[in-house]
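The residues making up each chain are set out below.
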Amino acid sequence: MGITYCTTCIGFAASWDSVKDTAGALAVVERESVQALFGLHLASAHVEAETPPLAPDCPTCRQLSSYVATHGEDSVEPGGCFETTGQLLRQHLLGHLLPQVPTPA
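In this report, the structure presented in the accompanying data block is examined. Computed from a predicted model, the values in this text were never measured in an experiment.

Rules behind the numbers
Residues numbered from 1 in each chain as written. Predicted model: local features only at pLDDT ≥ 70, side-chain atom pairs only at ≥ 80, totals over all residues. Heavy atoms only, no water. Axes fitted to C-alpha atoms, helices over the stretch in contact; angles between N-to-C directions. Helix = DSSP H or I, 4+ residues; strand = E, 2+ residues; numbered from the N terminus. Parallel < 35°, antiparallel > 145°, perpendicular 65-115°, else oblique. Left-handed = near helix turned anticlockwise from the far one by under 90°. Contact = heavy atoms within 4.5 Å. Nonpolar A, V, L, I, M, F, W, Y, C, P; charged D, E, K, R; others polar. Buried < 20%, exposed > 50% of the residue type's maximum accessible area, 1.4 Å probe, protein only. Phe/Tyr/Trp six-rings, centres within 6.5 Å; stacked < 30°, edge-to-face > 60°.

### Regarding the packing of helix 1 (residues 7–19) against helix 2 (residues 25–45)
Contact pair helix 1 / helix 2: the axes reach a minimum separation of 9 Å and the direction vectors enclose 165°. In terms of axis orientation, helix 1 runs roughly antiparallel to helix 2. As helix 1 runs across helix 2, the sense of the crossing is left-handed. Together, Thr-8, Cys-9, Phe-12, Ser-15, Trp-16 and Val-19 of helix 1 and Ala-27, Glu-30, Arg-31, Val-34, Leu-37, Phe-38, His-41 and Leu-42 of helix 2 make up the contact between the two elements.

Here it is as structure tokens:
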């Protein structure tokens, strides 16, 4: 089932697109922040979105999937956020869909 991207999705994509080829530490942080926020947005506003597979070259995918495999999808890190590790992994994976969102020309 495809996602019907909303104006918020397109705004995230435009922001990410504006720094995707920019070098430097600040640009990397901005790209990763926008991608994380986009994943959170999809998980909450577009619950119908299908979770993409793990990206084998992504260290965060490997780390989160390993944690989920060890502790279970319903575990919550002590002193951490209120989301389960399964929810965090889903949000992260959804963030990988950001490059697919059309941006205004």
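Let us keep going from here.
### Things to note about the packing of helix 2 against helix 4 (residues 85–95)
Relative to each other, helix 2 and helix 4 sit at 115°, their axes nearing to 7 Å. Our classification of the angle between helix 2 and helix 4 gives roughly perpendicular. Viewed along their axes, helix 2 and helix 4 form a crossing whose handedness is right-handed. Within the contact between the two elements, helix 2 uses Gln-35, Phe-38, Gly-39, Leu-40, Leu-42 and Ala-43 and helix 4 uses Gln-91, Leu-94 and Gly-95. Split by residue class, the contact of helix 2 with helix 4 holds five nonpolar, four polar and no charged.

### Overview of helix 4
Of all eleven residues that make up helix 4, eight are buried, and the element is covered over most of its length. Taken together, the buried positions of helix 4 are occupied by Thr-85, Gly-86, Leu-89, Gln-91, His-92, Leu-93, Leu-94 and Gly-95. Among the structural elements, helix 2 and helix 3 (59–71) are those in contact with the buried residues of helix 4.

### Examining the packing of aromatic side chains
Pairs of aromatic rings are described using the distance from one ring centre to the other and the angle between the two planes. Using the criterion set out here, one finds one aromatic pair in the structure. Judged by centre distance (6.2 Å) and plane angle (75°), the ring pair of Phe-12 and Phe-38 falls under edge-to-face. Here Phe-12, found in helix 1, pairs with Phe-38, found in helix 2; they are 26 residues apart in sequence, far enough to count as distant. The two residues Phe-12 and Phe-38 agree in class, both being buried.

Read these as layout, nothing more, since geometry by itself doesn't imply function.
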